[in-house]
Amino acid sequence: LIPQDNPVDIVYQMPLNKTPINADLNQTELNMGIDIKLNFDNNDLEVKNNDFKLIAGVDNLIQATKMKLSVDKGELKYHTNYGLGIEVGEKITSYTATSLYDEINAAILSDDRVESIKNMDIAYENNSLIINLMIKAKEANEPVPIFMKF
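Residues numbered from 1 in each chain as written. Predicted model: local features only at pLDDT ≥ 70, side-chain atom pairs only at ≥ 80, totals over all residues. Heavy atoms only, no water.

*Asks:* Can you help me understand the nonpolar core in this one?
*Replies:* Counting 21 residues, the largest nonpolar core has Leu69, Ile104, Ile108, Leu133, Ile135 and Ile146 as its most contacted members. Put simply, the parts of the chain that give this core at least two residues each are helix H2 (57-70), helix H3 (94-109), strand S7 (114-125), strand S8 (128-137) and strand S9 (144-149). Apart from residues lying up to four places away in sequence, Ile108 is in contact with Thr65, Leu69, Val114, Ile117, Leu133 and Ile135. (Core = buried A, V, L, I, M, F, W, Y, C linked by side-chain atoms within 4.5 Å. Buried < 20%, exposed > 50% of the residue type's maximum accessible area, 1.4 Å probe, protein only. Helix = DSSP H or I, 4+ residues; strand = E, 2+ residues; numbered from the N terminus. Contact = heavy atoms within 4.5 Å.)

*Asks:* Help me understand unusual backbone geometry, please; the structure alone is not making it clear to me.
*Replies:* Outside of glycine, negative phi angles account for most residues, and trans bonds account for most peptide bonds. Positive phi, close to 60°, is recorded for Asn50, a residue that is not glycine. Along the chain, the position of Asn50 falls in the loop between strand S4 (47-48) and strand S5 (51-52). Judged by relative accessible area, which is 80%, Asn50 ranks as exposed.

*Asks:* Help me understand H2 in this model?
*Replies:* If you check H2, its first and last C-alpha atoms are 20 Å apart, about what 14 residues at 1.5 Å a residue would give, namely 20 Å. Where H2 is concerned, the buried positions are Gly57, Asn60, Leu61, Ile62, Gln63, Ala64, Thr65, Lys68 and Leu69. (Expected span 1.5 Å × (residues − 1).)

*Asks:* So what exactly am I meant to see when it comes to a nonpolar patch on the surface here?
*Replies:* A contiguous nonpolar patch, built from Leu45, Val47 and Phe52 and spanning about 260 Å² of accessible area, is present on the exposed surface. Mapped onto the secondary structure, Phe52 falls in strand S5. On the basis of relative accessibility, which here comes to 44%, the residue Phe52 falls in the partly exposed class. (Patch = residues over 30% accessible without salt bridge, like charges linked within 9 Å, V, L, I, M, F, W, Y side chains within 5 Å. Areas by Shrake-Rupley, 256 points an atom, 1.4 Å probe, with all protein chains shown as cover. Salt bridge = Lys/Arg side-chain N within 4 Å of Asp/Glu carboxyl O.)

So yeah, pure geometry; function would need other evidence.
Written out as structure tokens, the structure is:
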């Protein structure tokens, strides 16, 4: 650009080209986004043929929700409100169970793509915390099931 005395507003919106990851997605699924696919079994990025695998639509919403519930609030330096504010090793009581429910509810509903939580079951079995829920994405017809075990 050539320097000028008068600032020039340049507005350019990059067109969303159809690629293999988004070719079959409708607008609602496109609104759920595209991201790098994560492997929750080994806490790493998914790679295929020396390239990152991508995840889109409903699967991306599920991954984003699982990520948010897997991170301790304050753990990310530049995103201090991201995650759950539950202490590791905290004894489960009726108070902490209610607090956990409230924390999960707030974390999920802070995502602009989520309209509501349709069902949430929290259980503690064999030293594992099990979260089973259904979330309704904005403009989606059906709720999305999510299962997590910590």
